[in-house]
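Below, each chain spelled out in residue letters.
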Amino acid sequence: MTVARAGAGILPPPVLLGLALAVQIAVALLISRYARLPVWWRWIAVLFPVAVCLTLSVPGLPAWPFGLAFLVLALLFSNTAKERVPLYLSNRKTAEALIALMEEKGGRRFLDIGSGLGGVVRAVDGNGRSASGVETAPLVWAVSALMSKLSGRGRILRQDLWKTELSQEDVVYAFLSPEPMAALWEKARQEMKPGSLLVSNSFAVPGVEPDEVWEIGDRRSTRLLIYAINRDRGRTRGDGSV
């Protein structure tokens, strides 16, 4: 039997494992980037292969770090499975565009449904504007509510968006997913006052043409789809009629 040595041109197993891990992470990151997945997916792309590698290569590795990681992920993303809404974070340029929209339309009350870490709420609140957000993921809500409390800007409620009253809001902002948009539009039409605005980041209401589309010009190529509320306005059919 011939035993191959590292000096004979074959890399030792730890080096091969490291190279395979690096290639796996690089490919996963590229896919995440070109699919325009949220930033947190890139962390998963990096950490998941590392976790698998550690599990397979380190004898006697305790199980509690993986249990802890699962608990943290559950607290962060517990609403994803139930509501089909992942954690998307709006950037600063988007917040600035929403402030400009509020100023242009003379809006005073702003609600972010699925407010995440609350950055948009804190940015919009102030200068005569009252901003609030609703979030259900426990850890995300706790962090965002604390940040709003410490900054004195905005208010974050741990509340289901479907149980949230929209009738007093001038602008309702959503950065959700394609899944709930039809139901959200119907809720907005039923509850929001005429002349108020539903603003969706990136995800269109199926079969309904937005009144305005704002191109943000950031790296995500973010688009704000703006729907003016008119309770006589129905769903738009494919021929453009109502």
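Cut-offs used in this document
Residues numbered from 1 in each chain as written. Predicted model: local features only at pLDDT ≥ 70, side-chain atom pairs only at ≥ 80, totals over all residues. Heavy atoms only, no water. Helix = DSSP H or I, 4+ residues; strand = E, 2+ residues; numbered from the N terminus. Buried < 20%, exposed > 50% of the residue type's maximum accessible area, 1.4 Å probe, protein only. Contact = heavy atoms within 4.5 Å. Areas by Shrake-Rupley, 256 points an atom, 1.4 Å probe, with all protein chains shown as cover. Phe/Tyr/Trp six-rings, centres within 6.5 Å; stacked < 30°, edge-to-face > 60°. Salt bridge = Lys/Arg side-chain N within 4 Å of Asp/Glu carboxyl O. Pairing = 2+ DSSP bridges. Axes fitted to C-alpha atoms, helices over the stretch in contact; angles between N-to-C directions. Expected span 1.5 Å × (residues − 1). Core = buried A, V, L, I, M, F, W, Y, C linked by side-chain atoms within 4.5 Å. pLDDT = per-residue confidence, 0-100.

## What to know about the overall build of the chain
Assigned secondary structure in the chain consists of seven helices and seven strands. Counting from the amino terminus, the chain carries its helices and strands in the arrangement α-α-α-α-β-α-β-α-β-β-α-β-β-β. The 242 residues of the chain split such that 38% are buried. Across the chain, the fraction of contacts at a sequence separation of at least 24, relative to all contacts at a separation of at least 6, is 61%. Of the roughly 14,000 Å² that the chain leaves accessible, carbon and sulfur atoms contribute 62%.

## Here we look at the packing of aromatic side chains
Using the criterion set out here, one finds three aromatic pairs in the structure. When the centroid spacing of 6.3 Å and the interplanar angle of 25 degrees are considered together, the rings of Phe110 and Tyr173 count as stacked. In this pair, Phe110 sits in strand β1 (residues 109-113) while Tyr173 sits in strand β4 (residues 171-174), placing the two residues 63 residues apart along the sequence. Looking at Tyr173, the relative accessible area reads 0%, which means it is buried.

## Looking at the pattern of salt bridges
Counting across every chain of the model gives nine salt bridges. Across the salt bridge formed by Glu96 and Arg92, the nearest N and O atoms sit 3.6 Å from each other. Of the two residues, Glu96 and Arg92 both sit in helix α4 (residues 92-105), four residues apart, roughly one turn of that helix. Taking the relative accessible area as the measure of exposure, Arg92 reaches 53% and is therefore exposed. One salt-bridge network, held together by shared partners, links Glu104, Lys105 and Glu212.

## Some points on the sheet that holds β1
Taken in spatial order, the seven strands line up as β3-β2-β1-β4-β5-β7-β6 in an open sheet, and their pairing is mixed. The strands lining the two open edges of the sheet, one partner per strand, are β3 (155-158) and β6 (212-215). The average angle at which neighbouring strand axes cross in this sheet is 20 degrees, direction not considered. As paired elements, β1 and β4 share four bridges and run parallel to each other.

## Regarding unusual backbone geometry
Here Asn127, not a glycine, exhibits a phi torsion of approximately 55 degrees, which is positive. By relative accessible area, Asn127 is classed as exposed at 72%. With a phi angle near 80 degrees, Ser202 is a residue other than glycine that sits in the positive phi range. Among the secondary structure elements, Ser202 is positioned in the loop between β5 (197-201) and β6.

## What to know about the side chain of Ser132
In this structure, Ser132 sits in strand β2 (residues 130-135). You can call Ser132 buried: its relative accessible area is 12%. Look past the residues within four positions of Ser132 in its chain and what remains in contact with it is Phe110, Leu111, Asp112, Val121 and Arg155.

## Digging into α4
The terminal C-alpha atoms of α4 lie 20 Å apart, and with 14 residues this matches the ideal 20 Å at 1.5 Å per residue to within 8%. Residues of α4 that are buried include every one of Thr94, Ala95, Ala97, Leu98, Ile99, Leu101 and Met102, and no others. Of the residues trailing α4, Gly106 is marked for its positive phi of about 70 degrees.

## A short note on the nonpolar core
Grouped together as the largest cluster of nonpolar side chains are 42 residues, with contacts concentrated most on Leu98, Phe110, Ile113, Tyr173, Leu198, Val199 and Leu224. Of all the elements, α4 adds the most residues to this core, at six residues. Excluding its chain neighbours within four sequence positions, the residues that come into contact with Tyr173 are Ser90, Thr94, Leu98, Phe110, Leu111, Asp112, Ile113, Val120, Val199, Asn201 and Leu224.

## What about the confidence of the model for the chain?
Averaged over every residue, the pLDDT of the chain is 81; residues scoring 70 or more account for 74%. Counted against residues more than four places away or in other chains, residues 235-242, with its pLDDT under 50, gives 13 contacts.

## Some words on helix α7 (residues 181-191)
Within the span of α7, buried status applies to Met181, Leu184, Trp185, Lys187, Ala188 and Arg189. The inward-facing, buried residues of α7 abut β1, β4, β5 and β7 (223-228).

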